[in-house]
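Understanding the architecture of this molecule
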Amino acid sequence: MGKTIKLISGDGEMFEVEEAVAFQSNIIKSLADEDNADDCIPLPRVDSQILSKVLEFCRKHANSPSVHTKFAAIPSELCPKHDGSAAGASSSESSSAHSETCRACYDAVMKLVQWDLEFVKVDLDLIHHLLKAANYLDIEDLMFMAVEGAANAIRGNNPEEIRKLFDLENDFTPEEEKEILKEYSWLDDPFEP
Amino acid sequence: MEHLPVEIIGDILSRLGTARDVVGLSATCRKWREAYKKYLHTLSFKFGDWPRDITARQLEILITQTISQTVGLQCLSIHMGSAHEFAAVPVIAWLMYTRKTLQSLSYNGHTIPNVNVPEQCSRHKLQALDLDHHSIIRVEPTYLRFTCLKSLSLRHVIISALDLSILFTVCPRIESLTLDVVEIVTSDSQSSMELSSPTLKCIFAEKVSVEKIILEADNLESLHLLNDSNIGFLKLNGKGSLQHLKIDDIVATHLEIGANLDNLKVIDVSYFMIKLPKFYQMISRASKLRTLRLWAVAFVCKDDLFIDVESIAVSFPELKHLALNYDIRDGLLYALRGSSTLENVNVLELGWTIISDNFRLWVFGMIRRCPNLKKLVIHGVLSGMKTDEQSQMVTNVTSSVLRLMRKYIHVDVRFVYD
């Protein structure tokens, strides 16, 4: 096991993880750089249940390149089956050409995407917490997937249902509401499939 | 959700995909409405999202209202197909409204009168343009310049060879070109399509007919010509950057891909008629080839046999994946001549279109030439079979191969019969 980072959740539980896992979070990365290697990094706004879920995601993504924010490409250098040709290996566009020709990379990327989609097939409450954690800890891939999970979960719901789900208040004035409904009067039954 | 930054709500709404969902949910509360108005970056209007009896005029109003409420839209997609015809004025309005921020535009629909989309849309920010509608595209080079455009996709359009060439010169960063059912109009003064781009990396052409194509593309990595395309003459002038060549079901009398094939890793040719010696001479220079697929290729000259295993082994020492589908009824000995082995081949795919007993022998011979084989796939076509004799032969071949493969327990064997 390489260098490890110690994290303390909001409810006082300690998690020790490898650097590669923890450094998926840009916040943790920048805090670790400043601090002494032996100190623990406190994360008061993330409780242990959510942190362990977040770390599960980070562990899966630790040695993969960012597959979501770029074009699902693996640079040739990381491909175990290729000798890593030098020509433009780092640009995402030529990497996607690499992924097309390299079956192993393509399969690995697809598997990871599938895993991620399953990971966010959870109840909205958990997605809400993951969104907040990903935002607070600045974890790009987790944010991307949590947004995807949230979008999948709310698709097909109407505003009233969304308000109930997220405990939101309808803070429009009656006039504003009338205006909105007038604009979209063609949505008589907006959610009729 | 109340503690989430409004930008994230904007992200979530953008990910929903359809304008209908986005607009509906923006009525949830003030924050969500703000997210829609200020932080929505992706909006998509698809034909299937709206009630069937909605008219084109109603759709125009709807789309205009929705787009004009947003600020900073980056990706816009309007896919109506042939179901509705929009008037030119609203379409131009949508394009002009989003001009400053739009990075990706995908427009599939008819407009009456025709709107020349390239002229109207964002030129300095646009990175991806996907047009699909029966229209004629004209390019005025004097003021048109797409400084950021990386990906261009034209489907069901009519464009002159000259205009397509000019389009390339005004896209200094273009990397990917897709042409799908594109009619390229040539004239006496411009009978060939000449595309020149130092940045172009991939070309994907399907159902395209043009007499002559000359490509000056020093960085081209991937060339795919597919599906009923009719290209008389194709010449690629490159600097050896080509990595992936795929030709499927096209008619091309003359094909030149350049002298330097040092980077060519994949050659995938199927349902193609070739002049064998010339074709072989061309591809044999690809000494670093990893994947070779010659599937149902027909030979112009009756006497031409096929590329035999000895030639393959000698020309392509790094080959990992080999897929061959020949009519092996004659020339079995020639197909298996020599003794060089394909040391690096891990995956072997062999196919027949007309079954014969020689096929079985060919499979045995090929397996012996691949000492490091890990996977064998046998492909066959069952749908053309007319006689019991043929069906019996398929059974014989299948059981023979299975019996043989018991000796090679480390090889994974599959049969794919259509």
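Just above, that's the structure.
Here we summarise the structure given alongside this text.

So, how was this worked out
- Residues numbered from 1 in each chain as written.
- Chains lettered and ligands numbered in written order.
- Predicted model: local features only at pLDDT ≥ 70, side-chain atom pairs only at ≥ 80, totals over all residues.
- Heavy atoms only, no water.
- Helix = DSSP H or I, 4+ residues; strand = E, 2+ residues; numbered from the N terminus.
- Expected span 1.5 Å × (residues − 1).
- Polar contact = N/O pair within 3.5 Å; in protein donor to acceptor, adjacent residues only side chain to side chain.
- Contact = heavy atoms within 4.5 Å.
- Buried < 20%, exposed > 50% of the residue type's maximum accessible area, 1.4 Å probe, protein only.
- Axes fitted to C-alpha atoms, helices over the stretch in contact; angles between N-to-C directions.
- Parallel < 35°, antiparallel > 145°, perpendicular 65-115°, else oblique.
- Left-handed = near helix turned anticlockwise from the far one by under 90°.
- Nonpolar A, V, L, I, M, F, W, Y, C, P; charged D, E, K, R; others polar.
- Pairing = 2+ DSSP bridges.

1. A short note on helix 3 (residues 48-61) of chain A
Over its 14 residues, helix 3 of chain A extends 20 Å from the first C-alpha to the last, a length consistent with the 20 Å expected when each residue adds 1.5 Å. Sitting at the amino-terminal end of helix 3 of chain A is A:Asp47, which places a side-chain oxygen 3.1 Å from the backbone nitrogen of A:Gln49.

2. Thoughts on the environment of B:Arg329
All names here are of chain B. Tracing the sequence through the fold places Arg-329 in the loop between strand 15 (321-325) and helix 10 (332-335). Note: C-alpha distance between Arg-329 and Asp-357 (28 residues apart in sequence) is 7.9 Å. Setting aside anything within four residues of it in sequence, one finds Arg-329 in contact with Ile-354, Ser-356 and Asn-358.

3. Some remarks on helix 1 (residues 6-16) of chain B
Residue and element names in this part refer to chain B. Within helix 1, 8 of the 11 residues are buried, leaving the element largely enclosed by the surrounding structure. Looking at helix 1, one finds that the buried residues are Val-6, Ile-8, Ile-9, Gly-10, Ile-12, Leu-13, Ser-14 and Leu-16. Positive backbone phi, approximately 95 degrees, marks Gly-17, located one or two places after helix 1.

4. Looking at the packing of helix 11 (residues 357-368) of chain B against helix 12 (residues 388-405) of chain B
Residues and elements named next belong to chain B. Where helix 11 contacts helix 12, the axes come no closer than 9 Å and their chain directions differ by 20 degrees. Classified by the interaxial angle, the pair formed by helix 11 and helix 12 is roughly parallel. Where helix 11 crosses over helix 12, the handedness of that crossing is right-handed. Along the contact surface, helix 11 presents Asp-357, Phe-359, Arg-360, Val-363, Phe-364 and Ile-367, while helix 12 presents Met-393, Val-397, Ser-400, Val-401, Leu-404 and Met-405. For the contact of helix 11 with helix 12, the class distribution of residues is 9 nonpolar, 1 polar and 2 charged.

5. What about the sheet that holds strand 3 (residues 40-43) of chain A?
Residues and elements named next belong to chain A. In space, the 3 strands of this open sheet follow the order 2-1-3, with mixed pairing throughout. Across the chains shown, the open sheet's two edge strands, defined by having one partner strand only, are strand 2 (14-18) and strand 3. This sheet shows a mean twist of 30 degrees between the axes of neighbouring strands, independent of strand direction. Bridge count for strand 1 (residues 4-9) against strand 3 is 4 bridges, and the pairing is parallel. In the sheet register, Leu-7 faces strand 3, and the bridge partner there is Ile-41. The sheet strands contacting helix 3 are strand 1, strand 2 and strand 3, and the helix crosses strand 2 at an angle near 5 degrees.

6. Some words on the side chain of B:Asp49
For B:Asp49, the location among the structural elements is in the loop between strand 1 (42-46) and helix 4 (56-69). Sequence-distant contacts of B:Asp49, that is, excluding residues within four places in its chain, are made with B:Thr18 and B:Arg20.

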